[in-house]
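Listed below are the residues making up each chain.
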Amino acid sequence: MYNDLPNLGVGLGYRLPLHQQTLAARDRIDFLEFIADQYLYGSPERTERLLALGEVWPLVPHGVGMSVGSATEVDGDYLDRLGALVEQSDAPWFSDHLSFTKVPDTDVEQLTPLWFTDETLQTVCRNITQVKRTIDRPFLVENITYYFHLPGNDMSEAEFTTRVLEETDTGLLLDVNNVWVNSVNLGFDPYEFLDSIPLERTVQIHLAGGDYVHGMMVDTHGSPVHEPVWDLLDHVLERVEPKAILLEWDQAWPEFDVLLAHLDRARAAVERAQSKMGGR
Amino acid sequence: MSLLGYQRALSRILTDSSFRTQFQTGDREAQSRYDLTERELDSLIGIRSDRVRVHSHLLAHGRVELGFMAFPLTYGLIGRAVSDLTDEFCAAHPPRPEARGALLVEADRVFAFFHPRLESGEIGPPWVADLMAVEHVQVQLGSSVAAWRSSVEASASGDEIGDPRTAVPFCGDHVRTVRLKYPVFGVMSDLEDGTRIDDLPLLPEPAETVMFKTSGTPWVRSCRVNEPTAELIRSCDGTRSITQVLDVLRKTYGPGVEGPALQALDRLRAAGVLGLRRSVQST
């Protein structure tokens, strides 16, 4: 389905404090993903420095502020800026989250869960269509973590996600850690969840670590990837061959070698799955 | 009602703890504010309050982190203090609606809250106040519609000074001068590279720096200028002819300032800092 997209390998979320270590480890990192929102309104020098990294690695913009789940349309100015950045970075694709972050009254500014109803489904499909019409590159949506159910859904998250992807013909950025975190907090079987969404639409995978905060497992991106998440990754890789796997680590950084070891482990997981599948 | 009403109510529940308590404990006035259907109301009342509290806590930290996306260098230097002040920040700046990008809104709030604390020495090394001010101007000029328009007007204006009695130089919303006590521009690249910088020496005298958005691009440029040039830029407010601007400068710096001022005027026009229009009135 996404055969034409390049295979980027195993990459790292670009974070400014890790700039030097990232550059020094260029041979062990296959691509970089950056938070697009940090560059939409930033200084030219900062953007130029980011784009210069494109001479070393493929760059993939990943957004947090598009809010495709808002009842209102996606902000046109935001899309224009994002489109320019996607173009400048020559990104093979770009992504954001299946959530909402703002409404006219309040800028929640955090990935907020959607009420999985028919009305929300129509709204999200409308907004994704707007995004795809504005920016002429493949767009991926990512599953989020959330910490409470919104009662009275018309459908499950899995069904909602499936219908969004299929009705808009959009690729999936599958955050395996988010699936696991939700399964821990909300009490469901993560394997059942994975097997009930169209995994064949997976273009990219996110890996990250979480921590317990106030008794809940929180997607902090600040600790090693948990073992059950590695197991889920194996499960996915035995079923699909994503174009890219990315480690997100945003705070509480250990020695950089720990991050690189994570990338090596993900690479090994891909090779193991490929050999199992007869070298797809 | 509609999805919009549901999301508006949910957003308020997540960002306003007193409203959340009222809403979920059956306060009719709180529940009637969003004209929700019975199904929507039941859904929102049915959310587990203990889970919402955790989510709200994470949200508060997320807001501050979003705002600091506009100040990545500053954040690298005062991150711990930011975390300690998150609750105070959220109480001082609730997420009220603004018709602008969320990052810009939070960036302004974060600046209003943290910059005075840096200047007073309550948090961080004192030179970080200058760094934060520079990052703030970069974000403001890079994203402001008025700055975009002004930069285009300046670059599209006349090339020739012509008669200095009628030529009116102007700079607009795309130009800001900042007065810095520390040489922060000299270390920004190092900070970008992750170099640790603990201290900066105070400059012998505060340095005037002009920051301006370039036409047709999102770029914000900056250059250090001397005091007369900064005064020249401030005098070019679109109401004075060149002759009148020179008169202002001459009063402060003496007759010798005229030649250098005209040269500076030319350079600033070429760089896109200043524009030039013909006055309709003879001066």
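Heads up: the structure comes first, above all this text.
In this report, we go over the structure that sits alongside the text. (Residues numbered from 1 in each chain as written. Chains lettered and ligands numbered in written order. Predicted model: local features only at pLDDT ≥ 70, side-chain atom pairs only at ≥ 80, totals over all residues. Heavy atoms only, no water.)

## Some details on the overall build of chain B
Scanning chain B from terminus to terminus reveals 14 helices and 5 strands. The globule rule puts the C-alpha radius of gyration for 283 residues at 19 Å, and the 25 Å found for chain B is more than 25% above it. For the C-alpha atoms alone, the extent of chain B along its principal axes is close to 75 × 50 × 30 Å. With 283 residues in all, chain B has 49% of them scored as buried. (Helix = DSSP H or I, 4+ residues; strand = E, 2+ residues; numbered from the N terminus. Rg over C-alpha atoms; globule rule 2.2 N^0.38 Å. Buried < 20%, exposed > 50% of the residue type's maximum accessible area, 1.4 Å probe, protein only.)

## Some remarks on the interface of chain B and chain A
Size of an interface, as often reported, equals the accessible area lost when the parts are brought together. Listed as interface residues are 54 residues of chain B and, on the opposing side, 53 residues of chain A. Where chain B abuts chain A, roughly 4800 Å² becomes buried across the two surfaces, and 58% of that area is made up of carbon and sulfur atoms. For the pair chain B and chain A, the number of links is 3 salt bridges. With its nearest N and O atoms 2.6 Å apart, the salt bridge here joins Arg39 of chain B to Asp154 of chain A. (Contact = heavy atoms within 4.5 Å. Buried area = accessible area lost by both parts, 1.4 Å probe. Salt bridge = Lys/Arg side-chain N within 4 Å of Asp/Glu carboxyl O.)

## Concerning unusual backbone geometry
Phi is positive for His221 of chain A, close to 55 degrees, though the residue is something other than glycine. Topologically, His221 of chain A is positioned in the loop between strand S11 (216–218) and helix H9 (227–237). Residue Asp35 of chain B is not a glycine yet carries a positive backbone phi of 50 degrees. The topology assignment puts Asp35 of chain B in the loop between helix H3 (28–32) and helix H4 (38–45). A residue is classified by how much of its surface remains accessible, and Asp35 of chain B, at 55% relative accessible area, is exposed.

## A few points about the packing of aromatic side chains
Residues and elements named next belong to chain A. What the rule picks out here adds up to 15 aromatic pairs over all chains. Plain terms: the ring middles of Phe116 and Phe160 are 4.9 Å apart, the flat faces sit at 45 degrees to each other, and that makes the pair tilted. In this pair, Phe116 sits in the loop between strand S6 (107–112) and helix H5 (118–134) while Phe160 sits in helix H6 (residues 157–168), placing the two residues 44 residues apart along the sequence. Here Phe116 matches Phe160 in class, with each residue buried. (Phe/Tyr/Trp six-rings, centres within 6.5 Å; stacked < 30°, edge-to-face > 60°.)

## A few points about the nonpolar core
The biggest cluster of nonpolar side chains holds 150 residues, and the ones touching the most others in it are Met66, Leu174 and Leu207 of chain A together with Phe114 and Trp127 of chain B. With 10 residues, helix H9 (residues 127–143) of chain B is the single largest residue contributor to this core. Core analysis: the next-biggest nonpolar cluster, separate from the first, contains 21 residues, Val175, Ile242, Leu246 and Leu265 of chain B among them. (Core = buried A, V, L, I, M, F, W, Y, C linked by side-chain atoms within 4.5 Å.)

## A word on the side chain of His174 of chain B
Residues and elements named next belong to chain B. One can find His174 in the loop between strand S1 (167–170) and strand S2 (175–180). Within polar-contact distance, the side chain of His174 engages the backbone oxygen of Gly272 at 2.9 Å. Of the polar contacts made by the side chain of His174, one reaches the backbone oxygen of Val273; its length is 3.2 Å. Look past the residues within four positions of His174 in its chain and what remains in contact with it is Leu141, Ala147, Ser150, Ser151, Ala154, Met211, Phe212, Lys213, Gly272 and Val273. (Polar contact = N/O pair within 3.5 Å; in protein donor to acceptor, adjacent residues only side chain to side chain.)

## A word on the pattern of salt bridges
All names here are of chain B. Throughout the structure, instances matching the rule amount to 35 salt bridges over all chains. A salt bridge links Glu122 to Arg117; its shortest N-O distance comes to 3.8 Å. Between Glu227 and Arg179 there is a salt bridge, with the nearest N and O atoms lying 3.5 Å from each other. With Glu227 in helix H12 (residues 227–235) and Arg179 in strand S2, this residue pair connects regions lying 48 residues apart in the sequence. Taken together, the shared-partner salt bridges in this structure form one network comprising Arg179, Glu208, Glu227, Glu231 and Arg234.

## Things to note about the pairing of S6 of chain A
S6 of chain A sits mainly inside the fold: 5 of its 6 residues count as buried. Count of turn residues in the strand S5 (residues 100–102) of chain A/S6 of chain A antiparallel hairpin: 4 residues. (Pairing = 2+ DSSP bridges.)

## Section: the pairing of strand S1 (residues 9–13) of chain A
All names here are of chain A. Counted residue by residue, S1 has 4 buried out of 5 residues, so it is predominantly covered. Summarising the sheet, S1 and strand S12 (residues 244–247) pair through 4 bridges and their orientation is parallel. Bridging across to S12, Val10 finds its partner in Ile245. With 2 bridges joining them, S1 and strand S2 (residues 32–35) adopt parallel strand pairing. Across the sheet, Leu12 pairs through a bridge with Leu32, a residue of S2. The parallel pair S1 and S2 is bridged by helix H1 (residues 19–24), and the resulting crossover is right-handed. (Right-handed = clockwise from strand over helix to strand, strands pointing away.)

## Let's talk about the packing of helix H1 (residues 3–15) of chain B against helix H5 (residues 49–68) of chain B
All names here are of chain B. Two elements in contact, H1 and H5, have axes separated by 8 Å at closest approach and are oriented at 80 degrees. The angle between H1 and H5 places the two elements in the roughly perpendicular class. Contact residues: H1 offers Ile13, Leu14 and Thr15, while H5 offers Val52, His55, Ser56 and Leu59. Tallied by class, the residues present in the contact of H1 with H5 amount to 4 nonpolar, 3 polar and no charged. (Axes fitted to C-alpha atoms, helices over the stretch in contact; angles between N-to-C directions. Parallel < 35°, antiparallel > 145°, perpendicular 65-115°, else oblique. Nonpolar A, V, L, I, M, F, W, Y, C, P; charged D, E, K, R; others polar.)

## Observations regarding the state of the cysteines
Considering all chains together, one arrives at 0 disulfides over all chains under this definition. Looking at the unpaired Cys223 of chain B, the closest cysteine sulfur is the one in Cys171 of chain B, lying at 12 Å. (Disulfide = S-S within 2.5 Å.)

## Topic: the sheet that holds strand S3 (residues 207–213) of chain B
All names here are of chain B. The strand order across the open sheet built from 3 strands is S2-S3-S4, with neighbouring strands paired in antiparallel fashion. Lying at the two open borders of the sheet, with one neighbouring strand each, are S2 and strand S4 (220–225). Averaged over all pairs of adjacent strands, the angle between their axes in this sheet comes to 25 degrees, without regard to strand direction. Note: S3 against S4, 6 bridges, orientation antiparallel. When the bridges of S4 are listed, Met211 appears paired with Ser222.

## Details of the environment of Glu205 of chain B
Structurally, Glu205 of chain B can be placed in the loop between helix H11 (185–192) and S3. A sequence separation of 182 residues divides Glu205 of chain B from Phe23 of chain B, and the C-alpha atoms of the two residues are 56 Å apart.

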